[in-house]
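Residue strings, one per chain:
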Amino acid sequence: MNLAECLISLIAPHDCIVCGKVGNLLCDRCRAREELTPSEITDWSTSIHQLMSCVVYQDIYKELVHRLKFDRQKEAYEHIAWIMSRCYSPNKIASVIPLPTSAKRVRQRGYDQTVLIARRYAQLTGCRYIHALRRNGDGRQVGATRSSRFDQMKGVFYIPNPRLIIDQDVIL
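The following refers to the structure shown. Here the structure is a predicted model, which means the values were calculated and not measured. (Residues numbered from 1 in each chain as written. Predicted model: local features only at pLDDT ≥ 70, side-chain atom pairs only at ≥ 80, totals over all residues. Heavy atoms only, no water.)

1. What about the side chain of T101?
Note the threshold: Numbering goes from the N terminus for both helices and strands, where a helix is a DSSP run of H or I of at least four residues and a strand is a run of E of at least two. Polar contacts, as counted here, are pairs of nitrogen or oxygen atoms within 3.5 Å of one another; within protein the pair requires one atom able to donate a hydrogen and one able to accept it, and residues that are adjacent in sequence qualify only if both atoms are side-chain atoms. Between two residues, a contact is recorded if the distance between any of their heavy atoms is within 4.5 Å.
Within the fold, T101 resides in the loop between strand 5 (95-96) and helix 5 (103-109). A distance of 2.6 Å separates the side chain of T101 from the side chain of D112, its partner in a polar contact. Setting aside residues up to four positions removed in sequence, T101 forms contacts with V106, R109, D112, Q113, T114 and R135.

2. Regarding the side chain of S95
Note the following rule: The buried label goes to any residue with under 20% of its type's maximum accessible area, the exposed label to any with over 50%, and the partly exposed label to all in between, with areas taken from a 1.4 Å probe on protein chains only.
Along the polypeptide, S95 turns up in strand 5. With relative accessibility at 0%, the residue S95 sits in the buried group. Side-chain polar atoms of S95 contact the side chain of R128, separated by 3.2 Å. Excluding residues that lie within four positions of it along the chain, S95 makes contacts with R128, I130, Q168, D169, V170 and I171.

3. Focus on the environment of A122
Tracing the sequence through the fold places A122 in helix 6 (residues 113-125). In sequence terms A122 and A94 are 28 residues apart; their C-alpha atoms lie 9.2 Å from each other. Excluding residues within four positions of it along the chain, A122 makes contact with V96, C127, R128 and Y129.

4. Here's the deal with the nonpolar core
The condition that has to hold: Throughout this description, the term nonpolar core refers to a set of buried Ala, Val, Leu, Ile, Met, Phe, Trp, Tyr and Cys residues connected via side-chain atoms within 4.5 Å.
I17, L26, L64, L68, I83, V96 and I117 are the most contacted members of the largest nonpolar core, which totals 29 residues. Those elements giving two or more residues to this core turn out to be helix 3 (59-70), helix 4 (76-87) and helix 6. Sorting elements by how many residues they give to this core places helix 4 first, with seven residues. The next biggest cluster of nonpolar side chains, apart from the first, holds five residues, and it includes I97, I130, L133 and I165.

Structure below.
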């Protein structure tokens, strides 16, 4: 958090999205009560070895993502990374790589939420963070169906230097 963000949070702190307590988007008490139920996603038709979900994308988790992406409440990335680190703590040799957000969205928000989450997750788990993926295009996915989202992403990402991730466990 930079100085301006610290000052703003002192002047106008967030309310907890669960209980409404002033101070954080997710207060310590509500954060401690959340039960994480990691599950493997099996309906994934790619060459990915394993795909895990820490939570069901609903309720407070959906609200955290929405506030980060669309309400410019940057603090949400800390909570999302913490939830991920409690759900899945990989071996220390794994590399954490963010899926790049479109340049247009980064300009609109002033940050790339995937980079913020990936960096913090890497710090919390002791993994290596590398910015190995690049993105072609600025396709918008809001309002698209699940299948069209997958179709839109085909061929969008590429790795300019594959040597960075050869023979490594990678967390995207």
